[in-house]
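If you want the building blocks of each chain, they are given just below.
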Amino acid sequence: MTTDAAVEYHPLDPHTLLDPYPVYASLRATGAPVWNQKLDSWVLTSYRDCRQVLLDHENFAADWRRAGETVPDPALDVHTIDPPDHTAIYGVLAGSLRDMASDGLAARTRDHIAAMLDARPAGPFNAITEFTEPLARWFIPEAIGVPPFDLTTVRPMAEAITQAMDSGLNPAAREPGVAAQRQLAAMIEDWVTGMDAGHPIRELVANAMANGVPRHIAMNSLRTLVVNGFTAVPASLGNALNVLAGDASLLADQLGSPEAIDRAPHEFFRYEAPIQGTTRLAVRDIEFNGVQVRRGQGMLMLFAAANRDPEQFDAPDTVRLDRWPNHHLTFGYGAHACTGSLLAHLLLRELLTVLVERGTTLKPAGPAVHKKLATVRTLAELPLEFSK
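If you're wondering where the values come from, they're calculated on a predicted model, not measured in any experiment.

Parameters and conventions
Residues numbered from 1 in each chain as written. Predicted model: local features only at pLDDT ≥ 70, side-chain atom pairs only at ≥ 80, totals over all residues. Heavy atoms only, no water. 1 Å grid on protein atoms, 1.4 Å probe; cavity = no way out; pocket = protein on both sides within 12 Å on 5 of 7 lines; lining within 4 Å. Points joined across faces, edges and corners; volume = space filled by probe spheres on them. Nonpolar A, V, L, I, M, F, W, Y, C, P; charged D, E, K, R; others polar. Helix = DSSP H or I, 4+ residues; strand = E, 2+ residues; numbered from the N terminus. Polar contact = N/O pair within 3.5 Å; in protein donor to acceptor, adjacent residues only side chain to side chain. Contact = heavy atoms within 4.5 Å. Pairing = 2+ DSSP bridges. Axes fitted to C-alpha atoms, helices over the stretch in contact; angles between N-to-C directions. Parallel < 35°, antiparallel > 145°, perpendicular 65-115°, else oblique. Left-handed = near helix turned anticlockwise from the far one by under 90°.

Rolled over the atoms, a probe as big as a water molecule pinpoints where empty space is left. What the rule picks out here adds up to 2 cavities of 30 Å³ or more. If you go around the largest cavity, you meet 14 residues; those closest to its centre are Leu17, Gln276, Leu373, Ala374 and Arg377. In the lining of the largest cavity, the residues fall into 8 nonpolar, 4 polar and 2 charged. The volume enclosed by the second largest cavity comes to roughly 50 Å³. Lining of the second largest cavity is provided by Ile128, Thr132, Glu133, Arg137, Phe230, Thr231, Pro234, Ala235, Lys371, Thr378 and Leu379. At the level of elements, helix H6 (127–144) and helix H11 (232–246) are the ones that each hand at least two residues to the lining of the second largest cavity. For the lining of the second largest cavity, a count of residues per class yields 5 nonpolar, 3 polar and 3 charged.

Time to look at the side chain of Asn126. Mapping Asn126 onto the fold places it in strand E4 (residues 125–126). A distance of 3.0 Å separates the side chain of Asn126 from the backbone nitrogen of Leu382, its partner in a polar contact. When sequence neighbours within four positions are dropped, the list of residues in contact with Asn126 reads Phe131, Ala380, Glu381 and Leu382.

Our next topic: the sheet that holds E4. Ordered by their spatial adjacency, 3 strands build an open sheet running E4-E12-E9, and the pairing between neighbours is antiparallel. Each having just a single partner strand, E4 and strand E9 (361–364) make up the two edges of the open sheet. One ladder, built from 2 bridges, connects E4 with strand E12 (residues 383–387); its direction is antiparallel. When the bridges of E12 are listed, Asn126 appears paired with Pro383.

Here we take up the packing of helix H4 (residues 85–100) against helix H10 (residues 215–228). Where H4 contacts H10, the axes come no closer than 11 Å and their chain directions differ by 45 degrees. By the criterion of interaxial angle, the relationship of H4 to H10 is oblique. Crossing geometry of H4 relative to H10 is assigned as right-handed. Packed against H4, whose contacting residues are Ile89, Leu93 and Leu97, the element H10 presents Ala218, Ser221 and Leu225 at the interface.

Put into structure tokens, the structure is as follows:
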């Protein structure tokens, strides 16, 4: 069992929160998965290993029940069940989200971003609390057709669910997260019940059930889209703005065409993954890349590390907005590739479009501060100035 490098991996260590990539590189340099006792998991950092586990749902389960774990019903959704049960809900969601990611949504999003920028007074501000988070929390309801978020109600639920993503490090966060999942699912049930016949969300649920998907799994899968408005979506916006503020040439010189702008979000997603990784459980004892994995052991795939693997990406620590093709793992790969990535891409693309059209420059106005989270890499503070 390879353990020496894993001793150095402490996801919530202040130095790791600031810059996890040297740690990831050290882990990857071992050439094999490393065991982390605190996480009770093998830590995978190479692109090859992460992709292999993502593609092998026969041996490595997103549905932890297949490895002997108990999973409460509120935690069962498109991300936590496996083929063949997973196939129907994934197909229905993917089809609905393709329809939602329309030219009309793109136009409304550009208009909303422009209005936010017009209303922005001159001077430094926290781009997270005053721009990216409000933008994401407008965008998700607008995109999927649910009522605007009542933040006094939805934010505490989403924060509890986000904290529960780190329950391997903080087991006390698990039960509040499950309780919040139940609350949010009930709220979404009320939304769907009150929608007119023919509403896209009602149609999504009906189509899922017609294809054999239990209603609670369809509703829980809708919940994941709502939670994205508090996790991956605002995180990806803040991370991108942080990169742009650090290198003015990116906006000025590398986004000169619609094609370049359409491709650029993928490089931001690769360079600073909003979701650092996810865990599968081994369904059976198996040898994997030189280590013996036992049934029930975790396989923690650090997408953020895989995205900086020099065996897959040239100059992986450099932002190249023209990098193409860009087969990053930020939104997973294979059967469980995140359907919500379509919306995340659209939102960041339209933000870049507006910034370029206006000739906006971003200037740092203080140090960026990350939230103390391991799974979601997101900023609490990003002091910036926008100017033309």
